[in-house]
Amino acid sequence: TAAWGWLAVRMYVGYQWVVAGEHKVADPAWMSTGEALKGFWVRASAIPAAPAKPVVSFDWYRDFLKFLLDAEAYTWFAKLVAVGELLIGIGLILGVFTGIAAFFGAFMNWNFMMAGTASTNPVLMVLAVGLMLAWKVAGYYGADRWILPYIGTPWHGGSLRSEEHTSELQSHLNLVCRLLLEKK
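Below or above, wherever it landed, is the structure these notes cover. Each residue is numbered by its place in its chain's sequence as written, counting from 1. Note on the predicted model: pLDDT of at least 70 is required for a residue's local features to be given, and 80 or more for side-chain atom pairs to be given and counted; whole-chain, interface and lining totals, by contrast, use all residues. Hydrogens are left out, water is left out, and the side-chain values use all remaining heavy atoms of the structure.

### Overview of the side chain of Ser45
Point 1. The numbering of helices and of strands both runs from the N terminus, where a helix is a DSSP run of H or I of at least 4 residues and a strand a run of E of at least 2. Within the secondary structure, Ser45 sits in helix α3 (residues 35–45).
Point 2. Using a relative accessible area of 5% as the deciding quantity, one classes Ser45 as buried.
Point 3. A polar side-chain atom of Ser45 sits 2.8 Å from the main-chain carbonyl oxygen of Trp41. Accessibility here uses a 1.4 Å probe with only protein chains present; expressed as a share of the type maximum, an area under 20% marks a residue as buried, one over 50% as exposed, and anything in between as partly exposed. A 3.5 Å cut-off defines polar contacts: any pair of N or O atoms within that distance qualifies, except that in protein one atom must be a possible hydrogen donor and the other a possible acceptor, and neighbouring residues in sequence count only when both atoms are side-chain atoms.

### Description of helix α6 (residues 98–114)
Point 1. The end-to-end C-alpha distance of α6 is 24 Å, a good match for the 24 Å that 17 residues give at a rise of 1.5 Å each.
Point 2. By the burial criterion, the buried members of α6 are Thr98, Gly99, Ala101, Ala102, Gly105, Ala106, Met108, Asn109, Asn111, Phe112 and Met114.
Point 3. Contacts are assigned to residue pairs with any non-hydrogen atoms lying within 4.5 Å of each other. Contact partners of the buried residues in α6: α1 (2–25), α4 (59–70), α5 (74–94), α7 (121–133), α8 (135–138) and α9 (144–151).
Point 4. Two residues or fewer past α6, Gly116 is found with a positive phi of approximately 95°. An expected span of 1.5 Å times one less than the residue number is assigned to each helix.

### Section: the pattern of salt bridges
Point 1. When a carboxyl oxygen of Asp or Glu is within 4 Å of a side-chain nitrogen of Lys or Arg, the pair counts as a salt bridge. Overall, the coordinates contain two salt bridges when judged by the stated rule.
Point 2. Salt-bridge contacts for Glu85 lead to Lys24; the nearest nitrogen and oxygen are separated by 2.9 Å. One end of the pair, Glu85, is in helix α5; the other, Lys24, is in helix α1, and 61 residues separate them in sequence.
Point 3. Put simply, Arg62 and Asp59 hold a salt bridge, and the shortest N to O gap is 2.7 Å. Of this pair, Arg62 and Asp59 both sit in helix α4, three residues apart, which is roughly one turn of that helix.
Point 4. Among the residues examined, Asp59 registers a relative accessible area of 51% and is labelled exposed.

Here is the structure:
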């Protein structure tokens, strides 16, 4: 089925985000001072001498980066980027809120590309858009298969308050607990 193909895409994109975020959350230049992000923004917003062209093609985006630099937003924004990358990857790998995780991944890819970093960002963004469009199938072999029917979606309520579903979920949780306790 298509779900198996989307599972492979989800795992690949999720792995890329985990790898990208994993080293950042362990790096003080990201998690303490934000100097790593500051350096990235300084290089991206620089305007070189002619005939060279700036890394950022759009003046409004360069102005946005300069605004963030002037506000010293890198001190807290670097943590947001590092933890966000890791959480996007974990969400995609586990298939938890697949469409939402893919959206934020694509949004980060778009921002990296706007700041002049091509790398794997175009490919990851295209795959993330595919995951967003196929969110229901893409998360089928993942936690979304159970979470979304339970909590629902904005256009279709879930069975969160349904007595029948609550007892079914409770029996599943009891089974999981019994299995975990038997392994100890």
